[in-house]
Structures are given as structure tokens and as C-alpha cells.
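Coordinates in review
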Amino acid sequence: VSVSWWIGAGLWIWFTRLKHRLPAVPLQFILIGWLVAVSYMKVHNRTLQWMDSISLIESSLETCPRFAKAQMEMSKIYSGLYPDKFNLRLARKHLETARDIDPDMCDLHQQFAYVAIQEGNYLEYEEELTQAVLCPFTLGGAFPMWQQYWQAALNSAASQEKVMIEVQQRKEKYTRIIREAVEAAQQKEAQEKKKESPIVGWK
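These lines cover the structure that appears in this document, whether it is placed above or below.

1. Considering the layout of surface pockets
For the largest pocket, the calculated volume is near 160 Å³. Lining the largest pocket we find Lys69, Met72, Lys76, Ser79, Asp107, Gln110, Gln111, Tyr114, Thr138 and Met145. Contributing elements (two or more residues each) for the lining of the largest pocket: helix 4 (68-81) and helix 6 (108-119). Ranked by residues supplied to the lining of the largest pocket, first place goes to helix 4 with 4 residues. For the lining of the largest pocket, the per-class residue count stands at 3 nonpolar, 4 polar and 3 charged.

Pasting the structure below:
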């Protein structure tokens, strides 16, 4: 806004006060035409980018390649959100880039799990889905998936005793991880409440 104001002020001064000192009218019209054309192209291109989520995310990455959230959104586009752009290799590449940028971004676990299950990598899926359950931003969607997966895995392994034992062991392992994380969070919350509570008997 400030740049537009100063450009407008400069043109007004040129047309009203300095028109006899600076180049004549044809040059003024050329300058105005150039400014209008450049401004139109910028507004037109940006409007088209905002009209489509893919071009908007791509422009965000052009502006800031180390934007982890945009990298994750690009992974969603290539992992099935747009069937015509389905490419699991690119989806994983964007996810790995996002994790390199922000290793503590827990939202990534659910998307990693989604890519892994489509690749048939069930061990990675189990691990990433468990971490997605522990993430407060993806818990709501990840926990039902976690329950459904283990139910389906146990049912499919019911006829093979050895496989059944392995599936049960993995389920118990990840169940224990979730339980321990929940207990740790509850203990932390209790300690914080204890610190905030007034001292009994204080006068």
C-alpha cells in the first residue's frame, strides 16, 4: 500500500508540476502503460494462484521452500488427494523434506502412515500411526484408524498361529507406548496443577 501511494504521488507531481521539465507526454503514456500492464499481470497471476489450492501451495514453496506445512500439503496432493497427480515417490520426498525442516512437527506422522500403507509398508505404518495417535493435532483421526487396523490385522492372522503371535506382540508394544505417553502427560498435568494451586494454610 505504501509503495502504491508513493508511486501515485510521484506520478501526480510529474503530471502537474514537472511536466515542462521532464520528458514529454509520449514518455509519460509509455510509463503509465508499462505500470498498468505489470500491475495487471501480477494481480491476474496471483488471483489464479488463489483460485486453486495446488498453485497456491506451489507459489508458497517458491517463496519459502523451507515451509514444512506446505511441504506436507504437497505430499497430500501426490498421495491421493488429486488422483491425476498420484505419485507416492514425490509424496514421500515432500514428507522427508518437511521432516528435515521441522523434526518436531507431529502432524507428519499421520501423513507418513498414509503413504506407508499405500506402499504396503505395514511395519512403518504401525509405527507412524502410533505416533500420530500421540499427536494432539491428529489424535481424532488417527485413533479410529489405529483401532481398525489392529482389529483387521488380528482377524487376518487368526488362521496362522505364528503370525498371530507376532501381530499380538507388536500391538502390545504400541499399546504400551501409548499408555506410557498418556500416563506421562497426566502426571505432568497433575504437577502443573499442583504448582498453580494455592498453598494450604497460608495466611
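This is not the end of the story, as more comes after the structure.
2. Concerning the pattern of salt bridges
Taken as a whole, this structure holds 7 salt bridges when the rule is applied. Between Glu189 and Lys193 there is a salt bridge, with the nearest N and O atoms lying 3.6 Å from each other. With Glu189 and Lys193 both in helix 9 (residues 161-196) and 4 residues apart, this pair spans about one turn of that helix. Glu189 gets classed as partly exposed once you look at its relative accessible area, which sits at 42%. Ionic contacts of the salt-bridge type, sharing partners, join the residues Lys69, Glu73 and Lys76 into one network.

3. So, helix 5 (residues 88-101)
Along its 14 residues, helix 5 runs 20 Å from first to last C-alpha, staying within 8% of the 20 Å computed at 1.5 Å per residue. What helix 5 keeps buried is the set Leu88, Ala91, Arg92, His94, Leu95 and Ala98. The buried residues of helix 5 all sit within an arc of 160° when viewed along its axis, so they share a single face. Residues of helix 5 that are exposed and point more than 90 degrees away from the buried face comprise Arg89, Lys93 and Asp100.

Conventions used here
- Residues numbered from 1 in each chain as written.
- Predicted model: local features only at pLDDT ≥ 70, side-chain atom pairs only at ≥ 80, totals over all residues.
- Heavy atoms only, no water.
- 1 Å grid on protein atoms, 1.4 Å probe; cavity = no way out; pocket = protein on both sides within 12 Å on 5 of 7 lines; lining within 4 Å.
- Points joined across faces, edges and corners; volume = space filled by probe spheres on them.
- Helix = DSSP H or I, 4+ residues; strand = E, 2+ residues; numbered from the N terminus.
- Nonpolar A, V, L, I, M, F, W, Y, C, P; charged D, E, K, R; others polar.
- Salt bridge = Lys/Arg side-chain N within 4 Å of Asp/Glu carboxyl O.
- Buried < 20%, exposed > 50% of the residue type's maximum accessible area, 1.4 Å probe, protein only.
- Expected span 1.5 Å × (residues − 1).
- Arc of directions from axis to C-beta.

In short, the description is geometric, and any link to function would need to be established separately.
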